[in-house]
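Each chain, written out:
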Amino acid sequence: MTNNGERPRGGIIFIVWIVPPIVSTLIMYLVYSFMSARAANRKKVRLEREAKERAQKEAELRERQAREKVEKARELAARKSREKRGRLVSIAQSITHNSELAIDTMQRLPDLLAAADNNARLAVTHYQDGAFSPFWSDIEQAYRFLAEYRDSVIAISQAADRHAALVEDMLREGGDPSPYSYFPVTLSLSHQEDPWAGR
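Residues numbered from 1 in each chain as written. Predicted model: local features only at pLDDT ≥ 70, side-chain atom pairs only at ≥ 80, totals over all residues. Heavy atoms only, no water.

Side note on the overall build of the protein chain
Filter applied, for reference: A helix here means a DSSP run of H or I that spans at least four residues, while a strand means a run of E at least two residues long, and both kinds are numbered starting from the N terminus. We call a residue buried when its accessible area falls under 20% of the maximum for its residue type, exposed when it is over 50%, and partly exposed in between, using a 1.4 Å probe and counting protein chains only. A contact between two residues is defined here by any heavy atoms of the two lying within 4.5 Å. Computed with the Shrake-Rupley method and a 1.4 Å probe, the accessible areas treat only the protein chains shown as cover for residues.
If you tally the helices and strands in the protein chain, you get two helices and zero strands. Within the span of the protein chain, comprising 199 residues, buried residues form 16% of the whole. Sequence separation of 24 or more characterises 74% of the internal contacts of the protein chain that already satisfy a separation of 6 or more. About 15,800 Å² of surface is accessible on the protein chain, with carbon and sulfur atoms providing 58% of the total.

Details of helix α2 (residues 132-172)
So the rule is basically this: Expected span of a helix, by definition, is 1.5 Å for each gap between consecutive residues, and there is one gap fewer than residues.
Taking 1.5 Å of rise per residue, 41 residues should cover 60 Å, and α2 covers 59 Å from first to last C-alpha, within 8% of that figure. Every buried residue of α2 is accounted for by F135, D138, A142, Y149, S152, I156, A159, H163, L166, V167 and M170. Just beyond α2, the residue with positive phi is G174, at close to 90°.

As for the packing of aromatic side chains
Here is the rule we go by: Within 6.5 Å between ring centres, the rings of Phe, Tyr and Trp (the latter by its six-membered ring) count as paired, and their orientation is classed by plane angle as stacked under 30 degrees, edge-to-face over 60, tilted in between.
The full count for this structure, using the stated rule, is three aromatic pairs. A ring pair is formed by Y127 and F135, whose centres lie 5.2 Å apart and whose planes are at 50°; its orientation type is tilted. By relative accessible area, which is 13% here, F135 ends up buried. Between F135 and W136, the ring centres sit 4.9 Å apart and the planes meet at 70°, which makes this aromatic pair edge-to-face. Taken together through their ring pairs, the aromatic side chains of Y127, F132, F135 and W136 make up a single cluster.

A short note on the environment of D161
Mapped onto the elements of the fold, D161 is located in helix α2. In the structure, D161 is positioned 22 residues away from F183 in sequence and 9.5 Å away in space, judged by C-alpha atoms.

Thoughts on the environment of A159
Checked against the element boundaries, A159 lands in helix α2. Taking the relative accessible area as the measure of exposure, A159 reaches 3% and is therefore buried. When sequence neighbours within four positions are dropped, the list of residues in contact with A159 reads N98, A102 and F183.

Things to note about the pattern of salt bridges
Rule in force here: Salt bridges are counted wherever a side-chain nitrogen of Lys or Arg sits within 4 Å of a carboxyl oxygen of Asp or Glu.
Overall, the coordinates contain 10 salt bridges when judged by the stated rule. One salt bridge connects E83 with R79, and the closest N-O pair in it is separated by 3.5 Å. On the criterion of helical spacing, the pair formed by E83 and R79 is a turn pair, its members being four residues apart in helix α1 (residues 9-129). By relative accessible area, E83 is classed as partly exposed at 39%. On the basis of relative accessible area, R79 is assigned to the partly exposed category, the value being 41%. The residue R121 makes a salt bridge to D117 at a minimum N-O spacing of 2.9 Å.

This is the structure in structure tokens:
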């Protein structure tokens, strides 16, 4: 109190006009600080959650890529194995076919020699009878059979060379060539009869 018991007006003005804006500003600052801290905390939680999800997705991606890599390697190995088996089957079929052709050719050799011998005998008979045209025809026919015999022997020799090359191919592919190690045909003059012996 001041003079005459009256209160100074400045104190009321201060309390009415100055304190409430300060208090409201202080409250607003506290609310803002609280809200900012809460927003920062939410942002931190969200960033941590996103980082965790990203790390989990990256781990899943790496795991999926590793599985795909293993699967691709398995598929590649299976494909190579199938291709290898296919090549081995093809080589085995080629060896078998080559051997069968050689056997067939070998089995025809005696018939070719017999036909040549028959034509040679007919030529001798026709020559003795003075029939020169049939004589030369029989000689030509005998030479044709002998040429076919020679070609067949060459074909057997070539088949033997092919057989050896195919066996090497099978070894190179990692197959077992033991069932095919021997060529089924041998050409040896010591074991064949001389068709001209005794003439």
